[in-house]
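If you want the building blocks of each chain, they are given just below.
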Amino acid sequence: MGDARQIIAKRAALEVKDGMIVNLGIGIPSMVPNYLGKDMRVFFQAENGILGMGPTPKENADGNLSNAAGLPVTILPGASYFDSAIAFGMIRRGCIDLSILGALQVNAKGDLANWIVPGKRVPGVGGAMELAYGAKNLIAVMNHCAKDGKPKIVNECSLPVTTYHCVKKIITEMAVFSIVDQQLYLDELMPGCTLADVKNNTEADFSFSTNFKAHD
């Protein structure tokens, strides 16, 4: 089936439309730009104060130019810099068209848990709470199951919740789900996956979308 992270990022890239202002989380979300069409004009925003980020530099990175995760970035013509207060003001005012965040768990009502595993060292919640609440559209991307094999799409989150009722779509290496009115719907089976695979690895109950599709 290929590398799960790449499969997820490639599918998530289809949700990005020309002209959008997009904020990406760390991990799988940061891979999404690799799968965008060359002619697409997308304005990537970072909480540390950049609008108009370009691809990751292959060499000669500017040590003063990084995204919110501290990773080197480039900028596109017309990009702008500002302080974090303005960056978060954009998020809180609903100026972000789409946010794609990694997730540890999502439940059937769209609750997101993505910032801490109790007992493990983590860098902090960062801008996840703001983005989950303020972005016009929120997509959660993650492996379908945790490393111990337990489902990550659950009835109720057992990990601390970042924001309630915020996730609109879930993309894993097995399937694509949408959440409408706190109900979980299966939109799409990913290539190489069967309905049985998804049912056996999803704790939460789900219905089929009217436009459900399965790939060969």
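Structure's up top.
Figured I'd write up the structure that's included with this text. Bear in mind the structure is a predicted one, so any value in this text is a computation, not a measurement.

Next up on the list: the pairing of strand β5 (residues 98-102). Taking burial as the measure, the 5 residues of β5 include 4 buried ones, the bulk of the element. Bridge analysis of strand β1 (residues 21-24) against β5 gives 3 bridges, and the strand direction is parallel. Paired with V22 across the two strands is L98, which belongs to β5.

The buried fraction of strand β12 (residues 183-189) amounts to 5 of the 7 residues, a majority that puts the element mostly inside the structure. Across 6 bridges, strand β11 (residues 175-180) lies against β12 in antiparallel orientation. Among the inter-strand pairings, A175 is bridged to a residue of β12, identified as L189. What sits between β11 and β12 in their antiparallel hairpin is a turn of 2 residues, with D181 showing a positive phi close to 50 degrees. Pairing between β12 and strand β13 (residues 207-214): 4 bridges, direction parallel. Considered in β13, the bridge of Y185 is made with S207.

The next thing to look at is the nonpolar core. In terms of nonpolar packing, the biggest core is built from 34 residues, with V106, L112, V167, I170, F177 and L184 touching the most fellow members. Listing elements by their share of this core, those giving two or more residues are α2 (84-92), α3 (128-134), β8 (138-141), β11 and β12. Ranked by residues supplied to this core, first place goes to α2 with 4 residues. Setting aside anything within four residues of it in sequence, one finds V167 in contact with V106, G110, L112, L138, A140 and I179. By size, the runner-up hydrophobic cluster in this structure holds 27 residues, among which are I7, M20, I28 and V176.

Next up on the list: the side chain of E47. Its place among the elements puts E47 in the loop between β2 (43-46) and β3 (50-53). Sequence-distant contacts of E47, that is, excluding residues within four places in its chain, are made with N23, A68, S84, A87, F88, I91, G127 and L131.

Taken as a whole and assessed by the stated rule, the structure comprises 6 salt bridges. Across the pair D97 and K136 runs a salt bridge whose closest N-O atoms are separated by 3.3 Å. Placement of the pair is D97 in the loop between α2 and β5 and K136 in the loop between α3 and β8, with a sequence separation of 39 residues. Residues joined by salt bridges that share partners form a network here, namely R11, E15 and E188.

Here we have 10 strands laid out as an open sheet, ordered β4-β3-β2-β1-β5-β8-β10-β11-β12-β13, and mixed in their pairing. The open sheet is flanked by β4 (75-81) and β13, the only strands paired with a single partner. The sheet shows a mean angle of 20 degrees between the axes of neighbouring strands, taken without regard to direction. As defined by bridge partners, β3 adjoins β4 across 3 bridges and the pair is classed as antiparallel. Among the inter-strand pairings, I50 is bridged to a residue of β4, identified as Y81. Against the sheet, helix α1 (residues 4-13) contacts β5, β8, β10 (169-171), β11 and β12, and its axis sits at roughly 145 degrees relative to β10.

Calculation rules
Residues numbered from 1 in each chain as written. Predicted model: local features only at pLDDT ≥ 70, side-chain atom pairs only at ≥ 80, totals over all residues. Heavy atoms only, no water. Buried < 20%, exposed > 50% of the residue type's maximum accessible area, 1.4 Å probe, protein only. Helix = DSSP H or I, 4+ residues; strand = E, 2+ residues; numbered from the N terminus. Pairing = 2+ DSSP bridges. Core = buried A, V, L, I, M, F, W, Y, C linked by side-chain atoms within 4.5 Å. Contact = heavy atoms within 4.5 Å. Salt bridge = Lys/Arg side-chain N within 4 Å of Asp/Glu carboxyl O. Axes fitted to C-alpha atoms, helices over the stretch in contact; angles between N-to-C directions.

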